[in-house]
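Each chain, letter by letter, is given below.
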Amino acid sequence: SPGILFNTGAGQHILKNPLVVNSIIDKAALRRTDVILEVGPGTGNLTVKMLEKVKKVIACEIDPRLVGELQKRVQGTCLANKLEIKVGDVLKTDLPFFDACVANLPYQISSPFVFKLLLHRPFFRCAILMFQREFALRLVAKPGSKLYCRLSINTQLLARVDHLMKVGKNNFKPPPKVESSVVRIEPKNPPPPINFQEWDGLVRIAFVRKNKTLSAAFKSSAVEQLLDHNYRVHCSLHNTVRSFLISSTSVFCGLHTDFYKSKKLTLKSSMYQSFSKREIPENFKIAEKIQTVLKDTGYSEKRARSMDIDDFIRLLHGFNSEGIHFS
């Protein structure tokens, strides 16, 4: 398409090397029955090759000029009725049903698009995506690595991520200023039983200064205000069901007294205290409660840069069990 002036500011770098196109398609392991989602099809170099192998390609393109190019390319061929083009911003629209996503993404939407994909239901099989090299390396980074960050741990919580191949800048027209990489993202199905908003709230605080100890990271006044507000909301909601819970607990304990005796267990008042303690004393300080949780869980002197998914799950459980929430 010699007549088109590509908008590099909008991430328009067309993948021109057919060997790289074929390699991406091979790694996607496409099936004849597949519906494929492609974002940023450009002039259709990847699209046309996929149309030959699958049931349908749904191509999302924001630039009407490129939509015209893509339509022209398949017009009058047997591939035309297998292509559906959605015109608009993929971040602002609901994703359709698809089996796999294969795309040379506009790099500036990389992060929001990855999480839109990973939170999409129903599950898709896998995504084969082209990213800026450094972004790709962040996706696969492990604890202790310089590139390990919130993006790394959030992606790896929800998916298995593999770096497939490097792609040099000269494989694109016009060439970008950075090197690229292709990554496979395979969602974990079923997903981990974790509230992602809660999880991300915790991870966001920990990674603002990933080299600081968690004790220091949680001393920020903004963090303390947020968690104090959430704690008070949690307690007020808890108190609305308090009388019902206590009466239910009393019935349960009465019915099961013989069980506890037979097991030589004693019922402590802590079952009741766990509800009544939600009434906040006047001298309550969230800062002290936060530091107590960090100390009791053993993470007070740990740094986010070296903590893995299991560490953050334990820490989140420690906070939640004390009524401290992040969303």
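Residues numbered from 1 in each chain as written. Predicted model: local features only at pLDDT ≥ 70, side-chain atom pairs only at ≥ 80, totals over all residues. Heavy atoms only, no water.

- Looking at an unreviewed UniProt entry, one finds the chain named rRNA adenine N(6)-methyltransferase and attributed to Emberiza fucata.
- You can read under Subunit (unreviewed entry) in the UniProt record for the chain the words "Part of the small subunit (SSU) processome, composed of more than 70 proteins and the RNA chaperone small nucleolar RNA (snoRNA) U3."
- Listed in UniProt under the heading Sequence similarities (unreviewed entry), the comment for the chain reads: "Belongs to the class I-like SAM-binding methyltransferase superfamily. rRNA adenine N(6)-methyltransferase family." (UniProt positions renumbered as here; feature names shortened; annotations may be inferred.)

## Here we look at the nonpolar core
Piece 1. Of all hydrophobic cores here, the largest spans 62 residues; its most connected members are F113, F131, I185, F218, F312 and F319.
Piece 2. The biggest single contributor to this core is helix α7 (residues 196-208), with 7 residues.
Piece 3. Structurally, this core is a two-domain feature, drawing no fewer than three residues from each of domain 1 (8-193) and domain 2 (198-251 + 275-322).
Piece 4. Not counting residues within four places of it along the chain, the set of residues in contact with F131 comprises L105, Y107, S110, V114, A136, L139, S180, S181, V183 and I185.
Piece 5. Listed in part, the 29 residues of the second largest apolar core include L30, V54, A100 and F172. (Core = buried A, V, L, I, M, F, W, Y, C linked by side-chain atoms within 4.5 Å. Buried < 20%, exposed > 50% of the residue type's maximum accessible area, 1.4 Å probe, protein only. Helix = DSSP H or I, 4+ residues; strand = E, 2+ residues; numbered from the N terminus. Domains from an automatic or database assignment. Contact = heavy atoms within 4.5 Å.)

## Here we look at the side chain of N154
Piece 1. With respect to the element layout, N154 can be found in helix α6 (residues 150-158).
Piece 2. Of the residues examined, N154 reaches a relative accessible area of 2% and is grouped as buried.
Piece 3. Discounting chain neighbours no more than four positions away, the residues touching N154 are F115, F196, W199, D200 and V203.

## Things to note about helix α5 (residues 133-140)
Helical periodicity: at 3.6 residues per turn, an α-helix aligns residues three or four positions apart in one direction.
Piece 1. Residues of α5 that are buried: R133, F135, A136 and L139. Down the axis, α5 shows its buried residues gathered within 165° of arc, on one side only.
Piece 2. The elements touched by buried residues of α5 are α4 (110-118), β6 (126-132), α6, β7 (159-167) and β9 (180-187). (Arc of directions from axis to C-beta.)

## Concerning the UniProt feature "binding site: S-adenosyl-L-methionine" (unreviewed entry) in the chain
Piece 1. Mapped onto the present numbering, the UniProt feature "binding site: S-adenosyl-L-methionine" (unreviewed entry) falls on H13, L15, G40, E61, D89 and N104.
Piece 2. Examined against the element boundaries, H13 turns out to sit in the segment before β1 (14-15).
Piece 3. With a relative accessible area of 14%, H13 lands in the buried category.
Piece 4. Tracing the chain through its elements places D89 in the loop between β4 (83-87) and β5 (100-104).
Piece 5. Judged by its relative accessible area of 24%, D89 is partly exposed.
Piece 6. One polar contact links the side chain of D89 to the main-chain amide nitrogen of L91, over a distance of 2.9 Å. (Polar contact = N/O pair within 3.5 Å; in protein donor to acceptor, adjacent residues only side chain to side chain.)

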